[in-house]
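So the chains spell out like this:
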Amino acid sequence: MVFIAAALLLFLLSGLCALFLNNRPATAAALCAPACIAGCLAALFPVFAVFFSGQEMSFDLLWPAAGGLRVFFTLDRLSAFFLVPMLLLSALTALYGWGYLRRERNSESCGRQWFFFNMLVASMLSVFLAADGLFFLFCWEMMALSSFFLVVSRDEEESVRRAGFIYLAASHAGTAALFVVFAFLAAAGNSGGFWNSAAFPGPGTGVLRVLLLSLGIFGFGMKAGFIPFHFWLPRAHPAAPSHVSALMSGVMIKAGIYGILRMFSVTGGGEVWCGAALIIAGICSGILAMLSALNRRDTKSVLAYSSIENIGIICMGTGLAVYAASCGGTLVCLLALSGALLHLFNHAFFKGLLFMAAGAAGKSCGSRDPDALGGCAKTLPVTSSAFFLGAAAASGVPLLNGFPGKFLIYLAAFCGLQLKGSGLLLPSTAVIAGLSLSGCLSLACFTGLSGIVFLGKPRSRLDRPEEYSALMGTAMISAAAACLFLAFAAPLLSFSICGAVSAVFASTDTASAPGLADRLAPLSCASAWAFALIAAALAAKRLLLRRRKVSFGETWNCAYAAADARMQYTSASFFYPLRRTFTFFNSRRSPAAVSKTIFFPGEYEGNDSRRIGAFRTFLSGIAAKLEVSLSCLRWLQQGRLHIYIMYIMAALLALLLWKIR
Amino acid sequence: MLDVILMLLVLFNLFSLGSTRISASIRVVAYQGAAIGVVPLFLPGKIPGGILVTIVLVTLLVKAGILPWFLRYAQKRVNVRREEKPFVGASASILSGVAALGTAFFISSRLPIPFAVASPFIVPVALSVSLTGFFIIISRAEALSQVIGYLILENGIYLFGIALLLEQPLLVELGMLLDVFVGIFVMGITVFHISREFEHTDTSRLSGLADWLPEVKRSE
Amino acid sequence: MNNLYPLFNVIIALAAAPLMFGVINRIKAFFAGRKGPPLLQLYFDIWKLLRKGAVYSRTTGIFFRLAPSAGLIAVLTALLFIPCGAYPAVLFFPGDMVLVVYLLGAQRFCMLLAALDTGSSFEGMGAGRDAHFSVFSEAVLFLCLAAMSAASGSVSLNGMLFTAGGRIWQVSPPVLVVVVFVLYIVLLAENYRVPFDDPNTHLELTMIHEVMALDHGGPDLAMLEYAAALKFWILASLPAGLLFPHGMKPDFFGNAALFLGLIALTAALTGALESCAARLRLVKVPQMLTAAAALSVVALIFLAK
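Moving on, we come to the overall build of chain A. Scanning chain A from terminus to terminus reveals 22 helices and five strands. In chain A, the share of contacts with a sequence separation of at least 24, taken over all contacts with a separation of at least 6, comes to 78%. If you sum the accessible surface of chain A, you get close to 26,900 Å²; carbon and sulfur atoms cover 67% of it.

Here it is in structure tokens:
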């Protein structure tokens, strides 16, 4: 625990010092980034101890000076499982940020950025450790605020400001719901820490339990970002600097899942309707998010939608586990939740890698629009290899680390099909269909994106792009190495996964850990075997070609020798068949074509924009009605300072009178 | 063998949902009627052989012979080849048909059926045929498509009847058949009159019965 | 000796896979009134290509050189999990069918990226269409596997096709016919045969698979063609495994001959279909695959009760 306190202190102190170094980006970065990395590594010691051995630790301190704030840390197996990717990814993104922000010329807010970055890491660490209700909410709010300030780092742009505002509004809506839940639990009395199940209404108490569970799912779902709580994600994550996006996508949205799992552990495994709702939300997120990700103008926007899709996959696994636990399928429950947790772990790394590579490519090439890029792979070897690795992992290629989590969820669904008469047929089929559809869509999306950005010929006149910074390259290589390692090391994680699962569903125990490792081991063997064979095949090909003539020429374009770079496929053309099939979900305003002659096409100006129309009209309808109904209270906003001071006086007097009643 | 016929019925359902051509739908309804007509031969029952064969022959004649012939005559008179503007597209209709099948299985697993049935699939398939018929009536604008939907609905109810009510006398079966026959006859005459009066048989445009019409954009 | 039989089956699959394309072409020639290319034509082609040099486009990078080998190895690894008739597969574990489908997806990943690497609009078009169709065909394949799993009570391909083979037919024969039919449609879709793509032409109308191999040459093209033949074999093994008469216990050669015969029958059927039917309009392909998905869900509903 000393290590964790030391880490927190490091984060805070270095952040505070950075506040004074606003105009010196290089110094601020050189101070804060190593401090952050050191803090993360320090905090890893106790976390690894719990992760691998299963011993839990806790730390309780009552701080009367801060108004009775209780600092109660618990490092149990579920927290350790979430903390390992969080700390590793924070270290990697700090390293990346060092290279990213070091050369910022026009920035006057570098110090502030580093302060908020360290605050974000510190608050995330505390969120996963917190075991007291008020303290948890305090850290949750700190996390939201520091990430908000990081998102609006480049606040000279209108779109960034708007993205930040929507993010803040959504986050506070979720926190408000959480307040209600925690207030109820506090009123019911919690002595042994927040996460004790005595405080929560038991299975018999009807409406209250339903209400609290729904509010909890709403509040934590706003942070996790599955549909229908996703609307802030595709704006906020591209607007933030790349290392912050990587951290937010990789870890912060997982805090929502952490909260949901804690809630289920407290309520004794959740209810059937919770599981069904999570499965439906997961399937919708998986499919609709990837449909919206096709043909975007910004690489990071596609990655943000892909994060929503992966959260959808995690929700599908969690939902299936909760459903199965209520139906009596313990094997299905264990497999599904293990798959969700493993995918969560892997997703942190490959999504972080993807965001880092996308940011590096954007910095090197000067633009993040795929239709303006192309052919970068030859001059950006590190960035492009990192992106391809991340894209392959995100598409679920079996040799990399995006696959084992999905594999376990599939296995859980197939096992669920075997249990006839337990009611698991519909959810299992839905999960199988949803997983396959979203997996294929993400394969299509990522091959299109990586092919168009990095392969082919440059689509616009760019200077020869170069790698932006060696530090960024080091961070990317480390993340890629972590992805490769995880592809083979999935069986090693099975002990901690089972521990985490047993923290949620008390019915499973760690004796089933070897079973899980046995299920994952063939995947690692197949990966190793396949990599070895690929190397052998390449060597064989080289041997074959050594004595033959290898020459170079132009790409075959049907004997048309003057093929231009603009004749290549762009992302609009690549995704056109998919978008046309799914026009129901991508409602477009099609341009009105006006032709002056009947023989030749004429010039026209059109507008091609996309929106998930139904949802936005629904939300704006509700907002409009709310605005109309609350406008009767407009008169309270007089705009004059004296009136507001009078309001404060009146409120204080009223409270005093009520208290002494 | 009964399972084969039931599977065929489900396949005919899906086909009629996925196809927008009127002549293909009429043919599918004829095949479906023929399949339902021969179902009594495979049910264990107490009806004597001669009466059973009579029922089967009469049903085949009406469902697979007379009614489809009449529909084809109506189609030629009205001169409509395909469903121009269905409210629900082909793929979505097929998926709804599968959802209807799932719902039918769920409902039939909860229905308390006191007597033994020949196959566990008869009641769900009958329900799904009825639901498909309803769906076609709701989702198609063409008057002839609605007649076809009604026929499919009646097929489903008929299948439900002969599966569960084997003990009922012959008259009930023939009565149902007569009812269907008269209904189709009346509908056919109505379709002629509609076509002659309005020069089209697009029922989505027939909203003159409503006293209050919402402001709706007519897409011609 | 018994433990080596699965390995021998894999060797037979590796040897006989290119023969199936010869069967298809011969049947098509028969329908057209021609004599047609020899049955072993693909073997001659592969041998010729292996002895050639290579021409690489200057636009392409390392991915283009990597993709055919990686794709071939992915398909080869998937082959190890397919049981052959009455003998089990070389490797099996719970959930291996998911790995097989995703390995075929990995091969598609390599092909798509290699196609985009050339910077040509031809390959881009083929890649876009392939990405589009794969969304549906993989979902249909998974639903078929779900139906087979529900029928056989096993979560491994080995269990579904080999152990529970006879039991599947006793559950409900007409439903299994539907599953075999849907698996056949998936075979046609994933291997780019009529009615989803016409492998004879290289025109814009029908570009899906043939065009993605346009810029490869020499050993690369040999690997691509061989991988395509193996993929056909893998996807044809699924309906063949379901149709295999599991009641009898043939000896090794009889089993191999029977299985080979079933796959050759599938190839002949494909050839006949290619001669008699036309390619679907590209907008109709998702509708056809959705109908196939609906059929497999119907089969699943019937089988799970």
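So much for the structure itself; the text now carries on.
As a further point, take the side chain of S395 of chain A. Tracing the sequence through the fold places S395 of chain A in helix 13 (residues 381-395). Apart from residues lying up to four places away in sequence, S395 of chain A is in contact with K406, G439, S442, L443 and F446 of chain A together with Y102 and F109 of chain C.

If you look at the biggest cluster of nonpolar residues, it comprises 395 residues, and the most contacted ones within it are L125, F226 and F414 of chain A together with F302 of chain C. The element contributing the most residues to this core is helix 12 (residues 330-365) of chain A, with 23 residues. In this structure, L125 of chain A is in contact with I4, L8, F11, A43, L83, M86 and L87 of chain A, ignoring residues within four places of it in sequence.

Looking now at the packing of helix 3 (residues 62-79) of chain C against helix 9 (residues 219-243) of chain C. Residue and element names in this part refer to chain C. The contact between helix 3 and helix 9 brings their axes to 9 Å, and the two run at 25°. Relative to helix 9, the element helix 3 lies roughly parallel. When the axes of helix 3 and helix 9 are compared, the crossing they make is left-handed. Listed contacts from helix 9 to R65, P68, S69, L72, V75, L76, A78 and L79 of helix 3 are D220, M223, L224, Y226, A227, L230, K231, W233 and I234. Of the residues belonging to the contact of helix 3 with helix 9, the class tally is 13 nonpolar, one polar and three charged.

The bulk of non-glycine residues show a negative phi, and the bulk of peptide bonds are trans. Residue P228 of chain A is bonded to the preceding I227 of chain A through a cis peptide linkage, with omega at 5°. Structurally, P228 of chain A is set in the loop between helix 7 (206-224) and helix 8 (233-239). Residue Y192 of chain C is not a glycine yet carries a positive backbone phi of 60°. Mapped onto the elements, Y192 of chain C comes out in the loop between helix 8 (173-190) and helix 9.

Every contact between the two is made by 70 residues of chain A and, on the other side, 71 residues of chain C. Counting each side, the surface lost to burial between chain A and chain C is near 6,100 Å², with a carbon and sulfur contribution of 73%. Counting the surface chain A buries against chain C, the share from its top three residues, F414, K541 and Y569 of chain A, is 10%. The interface formed by chain A and chain C contains two salt bridges. With a shortest N-O distance of 3.0 Å, E554 of chain A and R58 of chain C are connected by a salt bridge. The tally of links from chain A across to chain C stands at 18 residue pairs in polar contact (both at pLDDT 80 or more). If you list the elements that add at least two residues to the side of chain A that touches chain C, you get helix 13, helix 14 (403-418), helix 15 (425-454), helix 18 (513-546), strand 3 (550-553) and helix 20 (576-581) of chain A. Of the residues forming the side of chain A that touches chain C, the biggest block, 16 residues, is contributed by helix 15 of chain A. Partitioned by chemical class, the residues of the side of chain A that touches chain C number 43 nonpolar, 17 polar and ten charged.

As a further point, take the packing of aromatic side chains. For the structure on display, the rule yields 52 aromatic pairs over all chains. Between F403 of chain A and F407 of chain A, the ring centres sit 5.8 Å apart and the planes meet at 45°, which makes this aromatic pair tilted. Of this pair, F403 of chain A and F407 of chain A both sit in helix 14, four residues apart, roughly one helical turn. Here the two residues F403 of chain A and F407 of chain A agree in accessibility, since each one is buried. Taken together, the aromatic side chains of F48, F51, F52, F81, F82, F128, Y258, F345 and F349 of chain A make up a single cluster linked through ring pairs. Positioned over the ring face of Y158 of chain B is K63 of chain B, at 4.9 Å from the centre of the ring.

With that settled, consider the interface of chain B and chain C. Listed by partner, the interface residues are 16 residues for chain B and 13 residues for chain C. Here chain B meets chain C over a buried area of about 1,400 Å², counting both sides, of which 89% is carbon and sulfur. Area buried by chain B at its contact with chain C is led by M7, F105 and F121 of chain B, which between them contribute 37% of it. One can count zero salt bridges joining chain B with chain C. Elements supplying a minimum of two residues to the side of chain B that touches chain C: helix 1 (2-18) and helix 4 (90-110) of chain B. The element best represented in the side of chain B that touches chain C is helix 4 of chain B, accounting for eight residues. In the side of chain B that touches chain C, the residues fall into 13 nonpolar, two polar and one charged.

Together, F618, L619, I622, L626, L630, L633, W635 and L636 of chain A make up a nonpolar patch on the protein surface, roughly 780 Å² of accessible area in all. Relative to the elements of secondary structure, L630 of chain A occurs in helix 21 (residues 613-630).

Here helix 11 (residues 285-303) of chain C contains 19 residues, and its C-alpha end-to-end distance of 27 Å stays within 8% of the 27 Å for a straight helix at 1.5 Å per residue. Counted residue by residue, helix 11 of chain C has 15 buried out of 19 residues, so it is predominantly covered.

Let's shift gears to the domain arrangement of chain A. Domain boundaries assigned for chain A yield domain 1 (2-531) and domain 2 (613-660). One C-alpha centre belongs to domain 1 of chain A, the other to domain 2 of chain A; they are set 36 Å apart.

Time to look at helix 14 of chain A. End to end, helix 14 of chain A covers 23 Å across 16 residues, agreeing with the expected 22 Å (1.5 Å per residue, within 8%). In terms of residue burial, helix 14 of chain A counts as a mostly covered element, since 15 of its 16 residues are buried.

Below, the discussion takes up a positive patch on the surface. Residues and elements named next belong to chain B. Together, R21, R27, R72, K76 and R81 make up a region of like positive charge exposed at the surface. Here R21 lies in the loop between helix 1 and helix 2 (22-38). A relative accessible area of 41% places R21 in the partly exposed class.

Enumeration according to the criterion identifies 14 salt bridges over all chains in this entry. Across the pair E157 of chain A and R154 of chain A runs a salt bridge whose closest N-O atoms are separated by 4.0 Å. Judged by relative accessible area, which is 37%, E157 of chain A ranks as partly exposed. The exposure class assigned to R154 of chain A is partly exposed, which follows from its relative accessible area of 26%. Here E138 of chain C makes a salt bridge to R108 of chain C, at a shortest N to O gap of 3.3 Å.

Two numbers describe how helix 13 of chain A lies on helix 4 (residues 96-117) of chain C: the axes approach to 11 Å, and their chain directions differ by 145°. In the packing of helix 13 of chain A onto helix 4 of chain C, the handedness of the crossing is right-handed. The residues of helix 4 of chain C that touch helix 13 of chain A, namely those facing F388, A391, A392 and S395 of chain A, are Y102, F109 and L113 of chain C. Residues that form the contact of helix 13 of chain A with helix 4 of chain C fall into these classes: six nonpolar, one polar and no charged.

Cut-offs and rules
Residues numbered from 1 in each chain as written. Chains lettered and ligands numbered in written order. Predicted model: local features only at pLDDT ≥ 70, side-chain atom pairs only at ≥ 80, totals over all residues. Heavy atoms only, no water. Helix = DSSP H or I, 4+ residues; strand = E, 2+ residues; numbered from the N terminus. Contact = heavy atoms within 4.5 Å. Areas by Shrake-Rupley, 256 points an atom, 1.4 Å probe, with all protein chains shown as cover. Core = buried A, V, L, I, M, F, W, Y, C linked by side-chain atoms within 4.5 Å. Buried < 20%, exposed > 50% of the residue type's maximum accessible area, 1.4 Å probe, protein only. Axes fitted to C-alpha atoms, helices over the stretch in contact; angles between N-to-C directions. Parallel < 35°, antiparallel > 145°, perpendicular 65-115°, else oblique. Left-handed = near helix turned anticlockwise from the far one by under 90°. Nonpolar A, V, L, I, M, F, W, Y, C, P; charged D, E, K, R; others polar. Buried area = accessible area lost by both parts, 1.4 Å probe. Salt bridge = Lys/Arg side-chain N within 4 Å of Asp/Glu carboxyl O. Polar contact = N/O pair within 3.5 Å; in protein donor to acceptor, adjacent residues only side chain to side chain. Phe/Tyr/Trp six-rings, centres within 6.5 Å; stacked < 30°, edge-to-face > 60°. Lys NZ or Arg CZ within 6 Å of the ring centre and 35° of its normal. Patch = residues over 30% accessible without salt bridge, like charges linked within 9 Å, V, L, I, M, F, W, Y side chains within 5 Å. Expected span 1.5 Å × (residues − 1). Domains from an automatic or database assignment. Lys, Arg positive; Asp, Glu negative; His and termini not counted. Charge placed at Lys NZ, Arg CZ, Asp CG, Glu CD.

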